[in-house]
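Analysis of the macromolecular model
Listed below are the residues making up each chain.
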Amino acid sequence: QVQLVESGGGSVQLGGSLRLSCAASGSIFRINDMAWYRQAPGKSRELVADITNDYSTNYADSVKGRFTISRDNAKNTVHLQMNSLKPEDTALYLCYADVTIAWYSGKMDFWGKGTLVTVSS
């Protein structure tokens, strides 16, 4: 199986910055898409940003221009640089990876447990 471990969350004030990281380990043949999702209390999970294996990116409208997703295929890591943070960015941020675990297998979805980001005004 595959494990995803997030790090980098914390508490910041309005306008602050944080950098989230997620490291994948385990039985990995190829990591396809990677993404960051978030879930605020009482709200449904939403896509923040995703990045393909060839580095194409996509962002939620609410974070465009403030967040940047990146990945290192050699290290099986994905990062989320978050600038100009707002209170509405407060949420549990979860790492997602679409993984092919063997050359003969299909794709499987894996999730991390999340890292909490709190932005105060």
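Preceding this section is the structure that the text describes.
Here we summarise the structure given alongside this text. Fair warning: this is a prediction, and the values are worked out from it, not measured in the lab. (Residues numbered from 1 in each chain as written. Predicted model: local features only at pLDDT ≥ 70, side-chain atom pairs only at ≥ 80, totals over all residues. Heavy atoms only, no water.)

**A closer look at the overall build of the protein chain**
Within the protein chain one finds 0 helices and 11 strands. When the elements of the protein chain are put in sequence order from the N terminus, they spell out β-β-β-β-β-β-β-β-β-β-β. Referenced to the eigenvectors of the C-alpha coordinate spread, the extents of the protein chain come out at roughly 50 × 25 × 25 Å. With 121 residues in all, the protein chain has 40% of them scored as buried. When the accessible surface of the protein chain is summed, it comes to about 6,400 Å², and 49% of that surface belongs to carbon and sulfur atoms. (Helix = DSSP H or I, 4+ residues; strand = E, 2+ residues; numbered from the N terminus. Buried < 20%, exposed > 50% of the residue type's maximum accessible area, 1.4 Å probe, protein only. Areas by Shrake-Rupley, 256 points an atom, 1.4 Å probe, with all protein chains shown as cover.)

**Looking at the pairing of strand S10 (residues 107-111)**
Pairing between strand S9 (residues 91-100) and S10: 5 bridges, direction antiparallel. By the bridge assignment for S10, Ala-97 is matched with Phe-110. In textbook terms, the turn of a hairpin is the stretch between consecutive antiparallel strands, and for S9 and S10 this stretch comprises 6 residues. (Pairing = 2+ DSSP bridges.)

**Considerations on the pairing of strand S5 (residues 46-51)**
Strand direction decides the pairing type here: strand S4 (residues 30-39) and S5, joined by 5 bridges, are antiparallel. The partner of Met-34 across the bridge, within S5, is Ile-51. The antiparallel hairpin formed by S4 and S5 contains 6 residues in its connecting segment, where Gly-42 sits at a positive phi of about 80 degrees. Across 3 bridges, S5 lies against strand S6 (residues 57-59) in antiparallel orientation. Paired with Asp-50 across the two strands is Asn-58, which belongs to S6. Following S5, the chain reverses through 5 residues before pairing antiparallel with S6; Tyr-55 in that reversal takes a positive phi of roughly 75 degrees.

**So, the packing of aromatic side chains**
For the structure shown, the criterion picks out 4 aromatic pairs. Centroid distance Trp-103 to Tyr-104: 5.5 Å. Interplanar angle 85 degrees. Geometry classified as edge-to-face. Over the ring of Trp-111 we find Arg-45, and its NZ or CZ is 4.5 Å from the ring centre. (Phe/Tyr/Trp six-rings, centres within 6.5 Å; stacked < 30°, edge-to-face > 60°. Lys NZ or Arg CZ within 6 Å of the ring centre and 35° of its normal.)

**Structural notes on the environment of Gly-16**
Its location among the elements puts Gly-16 in the loop between strand S2 (10-13) and strand S3 (18-26). Along the backbone, Gly-16 and Met-82 are 66 residues apart, and their C-alpha atoms lie at a distance of 8.3 Å. Residues within four places of Gly-16 in sequence aside, it is in contact with Met-82, Asn-83, Ser-84 and Leu-85. (Contact = heavy atoms within 4.5 Å.)

**As for unusual backbone geometry**
At Asn-76, a position not held by glycine, the phi torsion is positive, near 55 degrees. What makes Asn-76 partly exposed here is its relative accessible area of 23%. At Ser-84, a position not held by glycine, the phi torsion is positive, near 50 degrees. Its place among the elements puts Ser-84 in the loop between strand S8 (77-82) and S9.

Just distances and angles here, no functional claims.
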